[in-house]
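Observations on chain architecture
In case you want the letters, here they are:
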Amino acid sequence: MTRTFFEEINSDSPTGVAFKNVNLKKKVISYFANTGNATIAELGKELNLSVPKVTSLLNELIQDGLVQDHGKVDSTGGRKPNVYGLAPDSAFFLGIEVKTHHINIGLTNFQKSLASDFKQYPYKLVNTRESLDELCQIINGFIEELPISREKILGMGINLSGRINYTQGYSYSFFHFHEDPLSKIIENAVGIKVFLENDSRAMAYGEFCSGVVNNEKDVLFLNLDYGIGMGMMMNGQLYYGKSGYSGEFGHIPLFQNEIICNCGKKGCLETEASGWALVEIFKERLRDGASSLALRDNVQPEDLRLDDIIAAAHNDDVLAIELIAKIGEKIGKGIAVLINLFNPELVILGGSLSSTEDYILLPIKSAIKKYSLSLVNNDTQLKVSKLGEQAGVIGACLLVRHRLLALE
């Protein structure tokens, strides 16, 4: 019944009275999703509908399994009205974040709460058909272990780095092997509607809806990982740009060097200020004779990962702290450019490097003060992600929920 309702509201050609009724149901669902539980009187006032009409819509939505009566509301004196809201377990949304060396997966219910354990699976992101097949196998394995039926999962969001055309479901950085959209290929393999999104943009949306953002509307989220990505919220809406590829912060040409970036150009911010740049610099220092806790547990220099360096920093490793600070200063210089351009209310630091906290935060703050205009940066807050590793999964789930309901 739930899936039928969502098929109705996303139909291309509903007409007449049926369309009007479905549209009103969508408004009720949207109100609950955005605002929370409400009484019949509150819904009628907010949606400009009569009490009998609201009552009829709620009864139909209760029959659809999407809404439930949560009982009497607390009130002083008089007859206590009933309060209605979304039925949490009537629908679920799956979020998948594909990282360089692992996959994060989680499930949220209709009320935005995590409904499963947040799981992390070992995985090597390689641009091959075998890697894509493994991704689909991991997703199917996670779903099979859930205590709910596959039919109750109305959609899943998959986050990948790089160039993503979310409206058509194409990825131009990974798994672009077929004429069909990547979203359709995974959908056929898993049997659930797929929404593809850039990882940094999904993380920004998750943080905006359920993280560190309060009332700010103009927010920049920086994904500091192996690469440097950015998701932008402008006036409370995700900003995509003309072609949907906005936010390529890591590829602004900030340095005069001969290092070839992953994008094929030289001098990008990522060549000296990203996770993969940190790993390469770290290996070079080790080859020159430096010592580090990052090599304990029999880790070989050629096998060094970003997580090893971050773990070493948390254990007060001098080399890790020194090089993270240098990376932070360069990232801060890039952020100063963003602040001068956008004058945002809030800049959020996310991704694995943000977990080093003051080791990267303090040099970033220092560089922002050094390179940005004080009149511009005075009103910009700088915060570390609240959701951390879960930001992308939660953002993916909430974007699926948003798009299926067309919550504008």
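Here is a short report on the structure shown in this document. (Residues numbered from 1 in each chain as written. Predicted model: local features only at pLDDT ≥ 70, side-chain atom pairs only at ≥ 80, totals over all residues. Heavy atoms only, no water.)

Overview of the sheet that holds strand S5 (residues 102–109)
Taking strand neighbours across the sheet as the criterion, the five strands line up as S6-S5-S4-S7-S10 in an open arrangement whose pairing is mixed. The open sheet is flanked by strand S6 (119–122) and strand S10 (194–198), the only strands paired with a single partner. Neighbouring strand axes in the sheet, compared pairwise and without regard to direction, differ in orientation by 20° on average. Bridge analysis of S5 against S6 gives four bridges, and the strand direction is antiparallel. Within the sheet, the bridge partner assigned to His-102 lies in S6 and is Pro-122. In the packing of helix H14 (residues 391–405) onto the sheet, contacts are made with strand S4 (92–98), S5, strand S7 (153–160) and S10, and the angle to S4 comes to roughly 135°. (Pairing = 2+ DSSP bridges. Helix = DSSP H or I, 4+ residues; strand = E, 2+ residues; numbered from the N terminus. Axes fitted to C-alpha atoms, helices over the stretch in contact; angles between N-to-C directions. Contact = heavy atoms within 4.5 Å.)

What about the packing of aromatic side chains?
According to the stated counting rule, one finds seven aromatic pairs in the structure shown. On the basis of an interplanar angle of 55° and a centroid distance of 6.3 Å, the ring pair of Phe-174 and Phe-175 is categorised as tilted. A connected cluster of aromatic rings, assembled from ring pairs, spans Tyr-170, Tyr-172 and Tyr-245. Positioned above the aromatic ring of Phe-255, the side-chain terminus of Lys-330 is 5.8 Å from the ring centre. Here the guanidinium or amino end of Lys-333 rests over the ring plane of Tyr-371, the centre of that ring lying 5.1 Å away. (Phe/Tyr/Trp six-rings, centres within 6.5 Å; stacked < 30°, edge-to-face > 60°. Lys NZ or Arg CZ within 6 Å of the ring centre and 35° of its normal.)

Quick word on the packing of helix H11 (residues 318–342) against helix H12 (residues 358–371)
Orientation of H11 relative to H12, taken along the N-to-C sense of each, is 40°, at an axis distance of 7 Å. Relative to H12, H11 is oriented oblique. Helix-helix and strand crossings are classified by hand; for H11 and H12 the assignment is right-handed. Across the interface between the two elements, Ile-321, Ile-324, Ala-325, Gly-328, Glu-329, Ile-331, Gly-332, Lys-333, Ile-335, Ala-336, Ile-339 and Asn-340 of H11 pack against Tyr-359, Ile-360, Pro-363, Ile-364, Ala-367, Ile-368 and Tyr-371 of H12. (Parallel < 35°, antiparallel > 145°, perpendicular 65-115°, else oblique. Left-handed = near helix turned anticlockwise from the far one by under 90°.)

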